[in-house]
Amino acid sequence: NFWTTLNPMPTPRSRLGAGVVNGILYAVGGLNGDNLNTVEAYDPSTDTWTTKAPMPTARQSLAVGVVNGILYAVGGSGDAGAVNTVEAFDPAMNTWSTKAPMLTARYRFGLGVINGRLYAVGGYGDRSMLASVEAYNPATNTWTPKAPMQKARVSQGVGVAGRMLYSIDGCCMGRTIHEVNTNWAFT
C-alpha cells in the first residue's frame, strides 16, 4: 500500500464537504481565511479539476450527501455561526437549488445516507453540542426528528454499513464514544 500525489485542488481549504456523483469527486465550500462557496470537481480518470457553479451560501464545517445523483450541501457554519441551510447541486445541469432547512442549525456534525434519506447527527448548535438526529427525505423535501444519540458530541465519524447508521468517536466532554442506533426502521 502507498499514497500517490495527484493534481492539487485549485482552491486550498479546510473544513470542506465532499461527495461523489458518477465517479466524480466534488469539493464543496470550506474555509480559506473566509467561508467559501467554491465548488470544484475532480475526475480521477484524467487527474483534472473543474470549477463548478458556486454554492449559493458560503460556509464551512458542512456535510455533504448524495441521493439519486444529486449532491446535498447540509448545514455548516456561516459568517453568523451555525446554519440550517440545505442546498442541492445537480451536476448534470451545473445548478443549485434551495431545499427545506434542517430543523436544527448545526456544524461539525456527521451525515449518512440510507435508503435515499440524509441523516444529520450531532454537531454544534450555536451555543452547545447536540445529541439530536434528523432525517431529510428529498422526495417530500421534509425533515423529521429521529431518536437522539445517548450523548451530545461533535466531529464524530458517521458511516453506513448495511442499513445501520454508525456514529463513531467524536468529542464529548473530553471522552470518546462509539454508538450505533438500532431503534430506527430504515425502509
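Residues numbered from 1 in each chain as written. Predicted model: local features only at pLDDT ≥ 70, side-chain atom pairs only at ≥ 80, totals over all residues. Heavy atoms only, no water.

### What about the overall build of the protein chain?
Right, on to step 1. Of regular secondary structure, the protein chain possesses 0 helices and 19 strands.
Right, on to step 2. For a compact globule of 187 residues, the expected C-alpha radius of gyration is about 16 Å, and the protein chain comes in at 16 Å, within 12% of that figure.
Right, on to step 3. Across its three principal axes, the protein chain shows a C-alpha extent of roughly 45 × 40 × 35 Å.
Right, on to step 4. In the protein chain, which comprises 187 residues, the proportion classed as buried is 43%.
Right, on to step 5. Within the protein chain, residue pairs in contact and separated by at least 24 positions form 42% of the contacts whose partners lie at least 6 positions apart.
Right, on to step 6. Here the protein chain has roughly 9500 Å² of accessible surface; of this, 52% comes from carbon and sulfur atoms. (Helix = DSSP H or I, 4+ residues; strand = E, 2+ residues; numbered from the N terminus. Rg over C-alpha atoms; globule rule 2.2 N^0.38 Å. Buried < 20%, exposed > 50% of the residue type's maximum accessible area, 1.4 Å probe, protein only. Contact = heavy atoms within 4.5 Å. Areas by Shrake-Rupley, 256 points an atom, 1.4 Å probe, with all protein chains shown as cover.)

### Some words on the sheet that holds strand β15 (residues 133-137)
Pairing between sheet strands relies on hydrogen bonds along the backbone, with the strands arranged either parallel or antiparallel.
Right, on to step 1. Strand order in the open sheet formed by 4 strands is β13-β14-β15-β16, with antiparallel pairing between adjacent strands. One side of each edge strand has no neighbouring strand; the edge strands of this open sheet are β13 (110-114) and β16 (142-146). Averaged over all neighbouring strand pairs, the angle between strand axes comes to 25°, with direction disregarded.
Right, on to step 2. Here strand β14 (residues 117-121) pairs with β15 via 4 bridges, running antiparallel. (Pairing = 2+ DSSP bridges. Axes fitted to C-alpha atoms, helices over the stretch in contact; angles between N-to-C directions.)

### Here's the deal with the sheet that holds strand β11 (residues 86-90)
Right, on to step 1. If you trace the 4 strands from one edge of the open sheet to the other, you get β7-β8-β11-β12, paired in antiparallel fashion. In this open sheet, the two edge strands, each paired with only one partner strand, are β7 (63-67) and β12 (95-98). Averaged over all adjacent pairs, the angle separating strand axes in this sheet is 25°, with direction ignored.
Right, on to step 2. Alignment of β7 against strand β8 (residues 70-74), held across 5 bridges, turns out to be antiparallel. Opposite V66, over in β8, you have L71 as the bridge partner.

### A look at the pairing of β14
Right, on to step 1. In terms of burial, β14 is a largely internal element, 4 of the 5 residues being buried.
Right, on to step 2. Bridge count between β13 and β14: 5 bridges; the pairing is antiparallel. Directly across from I114, in β14, lies its bridge partner R117.
Right, on to step 3. Here β13 hands over to β14 after 2 residues, with N115 in that stretch at a positive phi of 50°.

### Some words on the environment of K99
Right, on to step 1. For K99, the location among the structural elements is in the loop between β12 and β13.
Right, on to step 2. Residue K99 is classed as partly exposed on the basis of its relative accessible area of 28%.
Right, on to step 3. Residues K99 and T140, 41 residues apart in the sequence, show an inter-C-alpha distance of 10 Å.
Right, on to step 4. In this structure K99 touches Y72, V86, A88, Y136 and N141, once residues within four positions along its chain are discounted.

### Concerning the side chain of R153
Right, on to step 1. For R153, the position within the fold is in the loop between β16 and β17 (157-161).
Right, on to step 2. The class of R153 is buried, set by a relative accessible area of 0%.
Right, on to step 3. A polar contact is formed between the side chain of R153 and the backbone oxygen of S167, at a distance of 3.4 Å. (Polar contact = N/O pair within 3.5 Å; in protein donor to acceptor, adjacent residues only side chain to side chain.)

### So, the layout of surface pockets
The gaps of empty space that remain are located by a probe, the size of a water molecule, rolled over the atoms.
Right, on to step 1. Volume-wise, the largest pocket comes out at about 210 Å³.
Right, on to step 2. The wall of the largest pocket is formed by S61, L62, A63, V64, R108, F109, G110, L111, S155, Q156, G157 and V158.
Right, on to step 3. Within the residue set of the lining of the largest pocket, elements represented by two or more residues are β7, β13 and β17.
Right, on to step 4. Split by residue class, the lining of the largest pocket holds 6 nonpolar, 5 polar and 1 charged. (1 Å grid on protein atoms, 1.4 Å probe; cavity = no way out; pocket = protein on both sides within 12 Å on 5 of 7 lines; lining within 4 Å. Points joined across faces, edges and corners; volume = space filled by probe spheres on them. Nonpolar A, V, L, I, M, F, W, Y, C, P; charged D, E, K, R; others polar.)

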